[in-house]
Amino acid sequence: MDRVSSFDEPLKKLLGGATAKVMAEHLDLHTVGDLLHHYPRRYEERGKLTALADLPLDEHVTVVAQVADARILMFNNGRGKRLEVTLTDGSGRLQLVFFGHGVHKPHKELLPGRQAMFAGKVSVFNRKMQLAHPTYQLLDASDADEATEAVDAFAGRLLPIYPACKQLDSWRIAKAVDAVLPSARDAVDPLPASLREGRGFTPLPEALLKVHRPQTKADIEDAKARLKWDEAFVLQVALARRRYADTQLPAVARRPVSDGLLDAFDAKLPFTLTEGQEKVSKEIFDDLATEHPMHRLLQGEVGSGKTMVALRAMLAVVDAGGQAAMLAPTEVLAQQHHRSITEMMGELAEGGMLGGSDRGTKVVLLTGSMGMAARRQALLDLVTGEAGIVIGTHALIEDKVQFHDLGLVVVDEQHRFGVEQRDALRSKGKQPPHLLVMTATPIPRTVAMTVFGDLETSVLDQLPAGRSPIASHVVPAKDKPHFLARAWERVREEVENGHQVYVVCPRIGDDAEEAEGKKGRAKKKKTADEDPEKRPPLAVLEIADELRKGALAGLSVEVLHGRMHPDEKDDVMRRFAAGDVDVLVATTVIEVGVNVPNATAMVIMDADRFGVSQLHQLRGRVGRGSAPGLCLLVSEAHEASPARARLSAVAATLDGFELSRIDLEQRREGDVLGQAQSGVRSSLRMLTVIDDEEVIAAAREEAVAIVAADPELEHLPELRTVLAALLDKEREEYLDKG
């Protein structure tokens, strides 16, 4: 059998159809290689063989002893059962205890006079030493040699506990691993020998044996270090090759010209750019001046001035004879960007129009709901080059949209776009345009290196002068209802002081949704972990109704949600921005980009139903003017629950990077890497993006050096083989488009 194919061998050949079917359906394991990369989650310790007289407290021990006595005791008015077993080995006595459903098997097997091995952790109860729920193995007292062998195999072992499922428990997975373990010898080692020896890594076949069947704790550490490195390294090589391929693409260099649109814009700015904005702008201008496409991720807190940086990049491209397109995830946001950009540019946005500047250009909006005539004019302005800047939704991607000379694509809120959409827009240029991706979700450095590893990263971490701090507090509505009443009083106070307030709910709440929800809830009821007590999340329409009739009677309360007609949404938003609406009850449609400097407070209902980063995003909508912001996180979660701990973390810091780290620690990688990145996610088994920052950074460095020296990996056939296996069709596509 050659080296690759033993790993590609289907499991049903070695394990039989029934086991293989369960592994495929419930654990997504199909081949020998899949199972060898299904690593133990933890290891159960069995202590060295110890005499009963010498038992150390709080340690894992294995004892060989005889059952002296076993009896079942009832407690809790006969509702509970406890099995107590007394052991003796001639040196001392020890009590074992089993509870609940766990009493039946030992009660049948542990009869007085039987000899067995027992393993567990020594504790004290009623001043007596005991083992609770030990694992055990019966011994055949008639065959002394066999008993000795069994004891050697059982005591002092590290037993692997595998991620399992209801249909297949850990010990059966362990037996299956035993069947495929000989194939570990055929593992293709992706690491160049010089790298492996230089970093002192265990060879891969040995690492696989050690992770599944360790003799010592040091074996586990050795194996983990090697397997983590492989995951990080292979992924970083794939990303480094993408970046290298991008540097080979041609692009038109867009060098800023002096005394053009950008200089005219800078001259009329009423404030100076922050140091961070200057630094990031320089990184972007340097990239734009090269003859291969820029691929840059710009991340910065809500309100850190990303739009300003992006706009200056767009103006520089227009100065250099190109056009710039900004892609926004929603119509509301596209309209908002169009409004704020034309306001910032003033007469510079009226190129070719009466009263417009002779250095100006046209800034057009293109969305799906525009009227026919306006749309036709916008398309005409793009194809003739009259419009230097276009801002739009995915309507920009349609086949009909043609550019005169597309030089830069700016994507706002990257995580809301499929990579296909980004790609389709990029294909509109005569040559690949430069690409700037913006996100207000702070991404820990390691996730940026893993998920957006094909993009260079710029970070804006200062807030512009004049922005106010936001005070955040948790409102425990269940434990202290008077806190919620006080929250609504605070809302009234803000309105009386001439400000406005957002109230955010997780759900819209109308009949269509209810019917949908009932179907969903019926399905959910079947899942074992669903809490039957859980009420549906609070809804916009219901809360708005309650507030109008109750706590906020007499104030102007309006609603905003995703199912309203775009014109209606825009109308509500405009009236809120103009100060005609006191309180806006909304879903998370306000999460990105709605800019109302006069909105000073936000009440988030059922705050525990939102993720940490999302709460941080929402909170960034207030305190955008000179008055201080206030964010109240209303929750019915229990004080000691993880949900409340999450909310307290959000209330305690305004540092988005710190929060995104907490978020990631709580959710682990799955959600962060998301569905679109399934290729990346499914290849991370040992590596945790949050804890292994050093490994990822070091692997990235090695990967860059290797790809620079040998882009096609001609001298590293093993690495090429492993990459090909990782980047099957779907993953290859993901990386291509990412």
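Residues numbered from 1 in each chain as written. Predicted model: local features only at pLDDT ≥ 70, side-chain atom pairs only at ≥ 80, totals over all residues. Heavy atoms only, no water.

Participant: Sorry if this is basic, but what is going on with the overall build of the protein here?
Facilitator: From N to C terminus, the protein includes 29 helices and 21 strands. Among the 738 residues that make up the protein, the fraction classed as buried is 51%. Total accessible area computed for the protein in this model is approximately 34,200 Å², and 51% of it derives from carbon and sulfur atoms. (Helix = DSSP H or I, 4+ residues; strand = E, 2+ residues; numbered from the N terminus. Buried < 20%, exposed > 50% of the residue type's maximum accessible area, 1.4 Å probe, protein only. Areas by Shrake-Rupley, 256 points an atom, 1.4 Å probe, with all protein chains shown as cover.)

Participant: Explain helix α27 (residues 693-709) here, please?
Facilitator: Because an α-helix packs 3.6 residues into every turn, residues spaced three or four apart end up facing the same way. Helix length check: α27 (17 residues) gives 25 Å between terminal C-alpha atoms against 24 Å at 1.5 Å per residue, within 8%. The complete set of buried residues in α27 reads Ile696, Ala697, Ala698, Ala699, Arg700, Ala703, Ile706 and Val707. (Expected span 1.5 Å × (residues − 1).)

Participant: Where do I start with the confidence of the model for the protein in this structure?
Facilitator: Low-pLDDT portions of the prediction should not be read for the details of their coordinates. Across the protein, pLDDT averages 81, with 85% of residues at or above 70. Low pLDDT, under 50, characterises residues 668-682; the stretch is placed with 29 contacts to residues that sit more than four places away or in other chains. (pLDDT = per-residue confidence, 0-100. Contact = heavy atoms within 4.5 Å.)

Participant: Got a minute to help me understand the side chain of Asp319 in this structure?
Facilitator: Following the sequence through the fold, Asp319 ends up in helix α13 (residues 306-319). Within polar-contact distance, the side chain of Asp319 engages the backbone nitrogen of Leu261 at 2.7 Å. The contacts of Asp319, once residues within four sequence positions are left out, are Val257, Gly260, Leu261 and Leu262. (Polar contact = N/O pair within 3.5 Å; in protein donor to acceptor, adjacent residues only side chain to side chain.)

Participant: Would you take a moment to explain the pattern of salt bridges for this structure?
Facilitator: Pairs may arise between side chains of opposite charge once their charged atoms sit close together. Scanning all chains against the criterion turns up 32 salt bridges. With a closest N to O distance of 3.9 Å, Glu283 and Lys279 form a salt bridge. A residue pair is termed a helical-turn pair when its members lie 3 or 4 positions apart in one helix, as Glu283 and Lys279 do in helix α12 (residues 275-288) at four residues. Residue Asp286 is joined to Lys282 by a salt bridge in which the shortest nitrogen-to-oxygen separation is 2.7 Å. Of this pair, Asp286 and Lys282 both sit in helix α12, four residues apart, which is roughly one turn of that helix. Its relative accessible area of 53% is what places Lys282 among the exposed residues. (Salt bridge = Lys/Arg side-chain N within 4 Å of Asp/Glu carboxyl O.)

Participant: Looking at this structure, how should I read the sheet that holds strand β16 (residues 470-476)?
Facilitator: Strand pairing in a sheet relies on backbone hydrogen bonds, with the paired strands running either antiparallel or parallel. On the basis of which strands lie adjacent, the open sheet formed by six strands has the order β16-β21-β20-β17-β19-β18 and parallel pairing. Edge strands, defined here as strands with exactly one partner in the open sheet, are β16 and β18 (557-560). Across this sheet, the average inter-strand angle for adjacent strands is 20°, counted without regard to direction. The strands touched by helix α21 (residues 566-577) within the sheet are β17 (500-504), β18, β19 (583-586) and β20 (599-604), with β18 carrying the most contacts at an inclination of about 140°. Sheet contacts for helix α22 (residues 612-619): β16, β17, β20 and β21 (629-635); angle to β20, the most-contacted strand, approximately 150°. (Pairing = 2+ DSSP bridges. Axes fitted to C-alpha atoms, helices over the stretch in contact; angles between N-to-C directions.)

Participant: Explanation requested: the nonpolar core in the structure shown.
Facilitator: Soluble globular proteins tend to pack their nonpolar side chains together in the buried interior. One finds Met314, Met345, Ile389 and Leu408 to be the most contacted residues of the largest nonpolar core, which totals 40 residues. A total of 10 residues in this core trace back to one element, the largest contributor, which is α13. Setting aside residues up to four positions removed in sequence, Ile389 forms contacts with Leu311, Met314, Leu315, Val318, Ala324, Met345, Lys362, Val363 and Val364. (Core = buried A, V, L, I, M, F, W, Y, C linked by side-chain atoms within 4.5 Å.)

Participant: What is the right way to read the pairing of strand β12 (residues 387-392) from this model?
Facilitator: In summary, the side chains of a regular strand alternate between the two faces of the sheet. In terms of burial, β12 is a largely internal element, six of the six residues being buried. Where strand β10 (residues 323-327) lies against β12, four bridges are found, and the strand directions are parallel. Residue pairing in the sheet places Ala325 in a bridge with Val390 of β12. The pairing of strand β11 (residues 362-366) with β12 spans five bridges and is parallel. If you follow Leu366 over to β12, its bridge partner there is Gly392. Handedness of the crossover joining β11 and β12 through helix α15 (residues 372-384) is recorded here as right-handed. (Right-handed = clockwise from strand over helix to strand, strands pointing away.)

Participant: Looking at this model, I keep getting lost on a negative patch on the surface. Mind explaining?
Facilitator: Taken together, the side chains of Asp140, Asp145, Glu146, Glu149 and Asp152 make up a negatively charged region of the molecular surface. Secondary-structure assignment places Asp152 in helix α6 (residues 144-154). (Patch = residues over 30% accessible without salt bridge, like charges linked within 9 Å, V, L, I, M, F, W, Y side chains within 5 Å. Lys, Arg positive; Asp, Glu negative; His and termini not counted. Charge placed at Lys NZ, Arg CZ, Asp CG, Glu CD.)

Participant: Got a minute to help me understand the pairing of β17 in this structure?
Facilitator: Counting buried positions along β17 gives five out of five residues, so the element sits mostly inside the fold. Taking every second residue as pointing to the same face, both faces of β17 are buried, with Gln500, Tyr502 and Val504 on one and Val501 and Val503 on the other. Both β17 and β20 contribute to a ladder of five bridges, which runs parallel. In the strand pairing of β20, Val501 is matched with Ala601. Two strands pair when backbone bridges link them, and β17 and β19 are joined in this way by four bridges, in the parallel orientation. The residue bridging Val503 from the neighbouring strand is Val585, located in β19.

Participant: When you look at the packing of aromatic side chains in this model, what are you seeing that I'm missing?
Facilitator: What characterises a pair of aromatic rings is the spacing of the ring centres plus the angle enclosed by the ring planes. Scanning the entire structure with this criterion turns up six aromatic pairs. Relative to Tyr136, the ring of Phe98 lies with its centre 6.4 Å away and its plane at 80°, an arrangement referred to as edge-to-face. Placement of Phe98 in strand β4 (residues 93-99) and of Tyr136 in strand β7 (residues 135-138) is noted, with a sequence separation of 38 residues between them. Classification of Phe98 by relative accessible area gives buried; the value is 3%. You can call Tyr136 buried: its relative accessible area is 18%. Ring-pair connections join several aromatic residues into one group, and the members of that group are Phe98, Phe118 and Tyr136. (Phe/Tyr/Trp six-rings, centres within 6.5 Å; stacked < 30°, edge-to-face > 60°.)

Participant: What should I look at first to understand helix α3 (residues 17-27) in this one?
Facilitator: Every buried residue of α3 is accounted for by Ala20, Val22, Met23 and Leu27. One side of α3 carries all its buried residues, which in axial view fall inside an arc of 160°. Exposed and oriented more than 90 degrees from the buried face of α3 are Ala18, Lys21 and Glu25. As for α3, its buried residues are in contact with α2 (11-15), α4 (32-36) and α7 (170-180). Just downstream of α3, Asp28 is the residue with a positive phi angle, here 60°. (Arc of directions from axis to C-beta.)

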